[in-house]
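Below, each chain spelled out in residue letters.
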Amino acid sequence: MTFEYAPALESRAIVSIAPSYGLFINGEFVDPTSGTMFKTINPATEEVLAEISEANQSDVNAAVNSARRAFERTWSVMSGRDRAKYLFRIARLLQERAREFAVLETLDNGKPIRESRDIDVPLAAAHFFYYAGWADKLEHAGLGPNPQALGVAGQIIPWNFPLLMLAWKIAPALACGNTVVLKPAETTSLTALLFAEVCQQADLPPGVVNIITGAGDTGQMIVEHDGINKIAFTGSTDVGKSIQRALAGTNKKLTLELGGKAANIIFDDAPIDQAVEGIVDGIFFNQGHVCCAGSRLLLQESIAEETIEALKRRLQTLRLGDPLDKNTDIGAINSREQLNKIHQLIKSGDDEGAERWTAPCEIPEKGWWCAPTVFTNVTAAHRIAREEIFGPVLSVLTFRTADEAVEKANNTPFGLSAGIWTEKGSRILWMANQLRAGVIWANTFNRFDPTSPFGGYKESGFGREGGIQGLGAYLQSATDSDVHAKGMS
Amino acid sequence: MQKVAEPLTTTGALREFLHALPGVDEVGATARAAALSTRSIKNEAKAWAIDLAIRMVDLTTLEGMDTPAKVRAMCAKALRPDPTDPTVPSVAAVCVYGDMAAIARASVGAALHVAAVATAFPSGRASLEVKLHDVRDAVAAGADEIDMVIDRGAFLAGNYGLVNEQIVAVKAACGTAHLKVILETGELRTLDNVRRASWLAMMAGADFIKTSTGKVPVAATPPVAIVMLQAVRDYYALTGTRIGVKPAGGIRTSKDAIKYLVLIKETAGEAWLTPDLFRFGASTLLNDLLMQRQRMAIGHYSGPDYVTID
């Protein structure tokens, strides 16, 4: 007999999902003036979880006005120490309600409970703790003696880490004294709406956080709204470019965290067993729905064959299935649309002559799934080597020398992250100086910490989130404070 | 992985081979062990795992205060761990000092393996002649498994040829008895050393590689077990021979034991999920396995007075 893990399901009873949700404006849930609702779906079962409000222009106006009032009357005049008190309270509530958030995130997003429980939710709480600590110490952040908040921040976040991206956006903004209007992605609004409840529970002054739901049109209304001082966007490079075009000539500040096509570079002296784990963490974490995913594996030729063999052996132990099962490694693809896009790119890999290997997984009947896929014999010209797939698909390329690895790694319009695997410390430092990527991991991959800045080069965006650098995105620099004050008073 | 053309015996040739093995990143190996420890083993899977773990126990007493009565009592327990429940399987073996091997063998007959620690256990600080005599003595007394210790001093000094020579000699002295080679990973300190010592022992003729004596502060840990399981997996890929693994010391709860079974399944593979290729060196673990087994049968914990102390 073999050792079969019995199903170990996390109970969904801990979270209660309402049949429909309003918009969170000025500290209260209100019905959308449009009266239009859309459905949010569990990608693992295709079951409708709830109906979500679609915000129109007058809702966006109401949210921005509420944020403006809260900024002027309450939040910007409150002491940093008092702002910190609220942020610490939110952080603790996220911890207290961690299981609820984890289950809800898994239901709405499709990611394995192991990840939402061990990574997304604890990191989200950690971001609030970290930036709560900064709220009364901003004058020591190296941004001038008396740094000032920007005003109202419009924040648009993606569906891959719904709560975590919310924390990355809201925690620094609030710590610096800004108020926010945040729009979650249309397929993953639920944890943001649960977070709105946490804001109520924490007695956060009304209007400091406003959460409005909707699709791209609603996002565009936020971007184009005159009452907003700053846009922070995480999402696709195409949308990022259109946002930047829309903001041209305005006074609004902008940070963009966009796509990636990261190189994960394995040298022949690497700790191979751990490197294989790093490859798995790099591209199969969160079904590959990670902007900094290590989607291009660069293997030194002398170890390519044995590493691919070891990788395939390892991938056969990955468990794809019910995201609520605590033993699931690979969950569901967030939407049918995304699955189609992944399939389309896989097909392009086949058509262009790369060699495909798919892990032997039983695919559930309902829901949207993609088995871990590895392409070998990939050349730099293939679409799967150049375009962001945002799915569990790895493209393997090889190199002969460190110079060649650098050239290939940098040969992409993106520049969000990179990984280096070698036991040689001097080579790590040399490579890190050569690679044009915002985050470089050495002998690990996809590790995140609130104290460490995150952000991209080139088409991966600009601005940094996390760490002391993340404060700069929500404070006026000494040079623009005069201009800004005139524009906004 | 390099191909081994012929047996490596000299320190120089062994160094060349062992130091060319891929390094082990301690942070990564520890993270992998931690990730696997979150596997949730429930219901039928847990019941199956508990019975397998019982069958993998080398029930051990290695004390200066061991007496024939103590050893006989332990042997009775090993044969029939739960006197109230005949469906409980026997453990794999009893593990004793060499001078107790005859008593153990008389107690368990042919039903169980008798493992004896030998070679100046636990320090290994004696001449090769004394170590070999220790081994022959235990085999003559009825031990069919010998748990030897490597010379950690020689290993750390880079004298791989000497370590190899001693294992080869002990293996010869074992005759038909199975040889388990204790690396004492708590003294080797680094996972790179664990990997090298594992390969050294396997190439010298070990049937099993074992983590620890249980006599130094750091005994078996999951990252060490992962590295040893990778070593036997890779050795099998290279030679077609499966070597066993025995973590020993510090494994006290069913939860810990099940974590090791998960490590086996997801590192070396299902083929190692047998007492022929995996053992737990333990004394208190067995009672916790029995209590968990009772709990699964009757629905609540019985308590330590409902399992025997031997």
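This one's a predicted model, so the numbers in the text were calculated from it and none came from an experiment. (Residues numbered from 1 in each chain as written. Chains lettered and ligands numbered in written order. Predicted model: local features only at pLDDT ≥ 70, side-chain atom pairs only at ≥ 80, totals over all residues.)

Considering the overall build of chain A
Thought 1: A count of helices and strands for chain A gives 15 helices and 18 strands.
Thought 2: Its C-alpha atoms give chain A a radius of gyration of 22 Å, within 12% of the compact-globule value 23 Å for 489 residues.
Thought 3: Considering chain A as a whole, with its 489 residues, one finds that 57% of them fall into the buried category.
Thought 4: Within chain A, contacts between residues at least 6 apart in sequence are counted, and of these 73% link residues at least 24 apart. (Helix = DSSP H or I, 4+ residues; strand = E, 2+ residues; numbered from the N terminus. Rg over C-alpha atoms; globule rule 2.2 N^0.38 Å. Buried ≥ 20, exposed ≤ 12 C-beta atoms within 10 Å, placed from the backbone. Contact = placed C-beta atoms within 7 Å.)

So, the pairing of strand β12 (residues 296-300) of chain A
Residues and elements named next belong to chain A.
Thought 1: Most of β12 sits out of view: 5 of its 5 residues are buried.
Thought 2: Residues R296, L298 and Q300 line one face of β12 and the alternating positions L297 and L299 line the opposite face, and both faces are buried.
Thought 3: In this region the chain leaves strand β11 (residues 263-266), passes through helix α9 (residues 272-284) and returns to the parallel neighbour β12; the handedness of that crossover is right-handed. (Right-handed = clockwise from strand over helix to strand, strands pointing away.)

Here we look at the nonpolar core
Thought 1: Ranked by size, the top nonpolar core spans 108 residues in total, and within it A53(B), V94(B), I146(B), V181(B) and A201(B) carry the most contacts.
Thought 2: Once you skip the residues sitting within four places of it in the chain, V181(B) turns out to touch M148(B), I150(B), I167(B), A201(B), A206(B), F208(B), I209(B) and K210(B).
Thought 3: Counting 91 residues, the second largest nonpolar core, distinct from the first, contains A84(A), A175(A), V181(A) and C199(A). (Core = buried A, V, L, I, M, F, W, Y, C linked by C-beta atoms within 7 Å.)

Comments concerning the sheet that holds strand β5 (residues 47-53) of chain A
Thought 1: The sheet built from 3 strands is open, its strands ordered β1-β5-β4 (chain A) with mixed pairing. Either end of the sheet is taken by a strand with one partner, and the two such strands are β1 (20-21) and β4 (37-42) of chain A. (Pairing = 2+ DSSP bridges.)

Some remarks on the pairing of strand β9 (residues 230-234) of chain A
Residue and element names in this part refer to chain A.
Thought 1: For β9, the tally of buried residues reaches 5 of 5 residues, placing the bulk of the element in the interior.
Thought 2: Direction of pairing for strand β6 (residues 152-156) relative to β9: parallel, over a ladder of 4 bridges. Paired with I156 across the bridge in β9 is F233.
Thought 3: For β9 and strand β10 (residues 253-257), the ladder comprises 5 bridges, and the chain directions are parallel. Paired with I231 across the two strands is L254, which belongs to β10.
Thought 4: At this point the chain moves from β9, through helix α8 (residues 237-247), to the parallel β10, and the crossover so formed is right-handed.

Observations concerning the sheet that holds strand β2 (residues 93-97) of chain B
Residues and elements named next belong to chain B.
Thought 1: Read from one edge of the open sheet, 8 strands run β7-β6-β5-β4-β3-β2-β1-β8, paired in parallel fashion. Every other strand in the sheet has two partners, leaving β7 (244-246) and β8 (280-282) as the edge strands with one partner each. Looking at each pair of strands side by side, their axes are set apart by 25° on average, direction ignored.
Thought 2: In this structure, strand β1 (residues 57-60) lies alongside β2, joined through 3 bridges in parallel fashion. Each bridged residue has a counterpart across the sheet, and for T60 the counterpart in β2 is C95. (Axes fitted to C-alpha atoms, helices over the stretch in contact; angles between N-to-C directions.)

Observations regarding the confidence of the model for chain B
Thought 1: Residue-level pLDDT values for chain B average 96, and 98% of them are 70 or greater.
Thought 2: ipTM for the predicted complex: 0.93, alongside a pTM of 0.95. (pLDDT = per-residue confidence, 0-100.)

Describing helix α11 (residues 222-239) of chain B
Residue and element names in this part refer to chain B.
Thought 1: The end-to-end C-alpha separation of α11 is 25 Å, in line with the 26 Å expected for 18 residues at 1.5 Å each.
Thought 2: Across the 18 residues that make up α11, a large majority, 14, are buried.
Thought 3: G240, located one to two residues past α11, shows a positive phi value of around 80°. (Expected span 1.5 Å × (residues − 1).)

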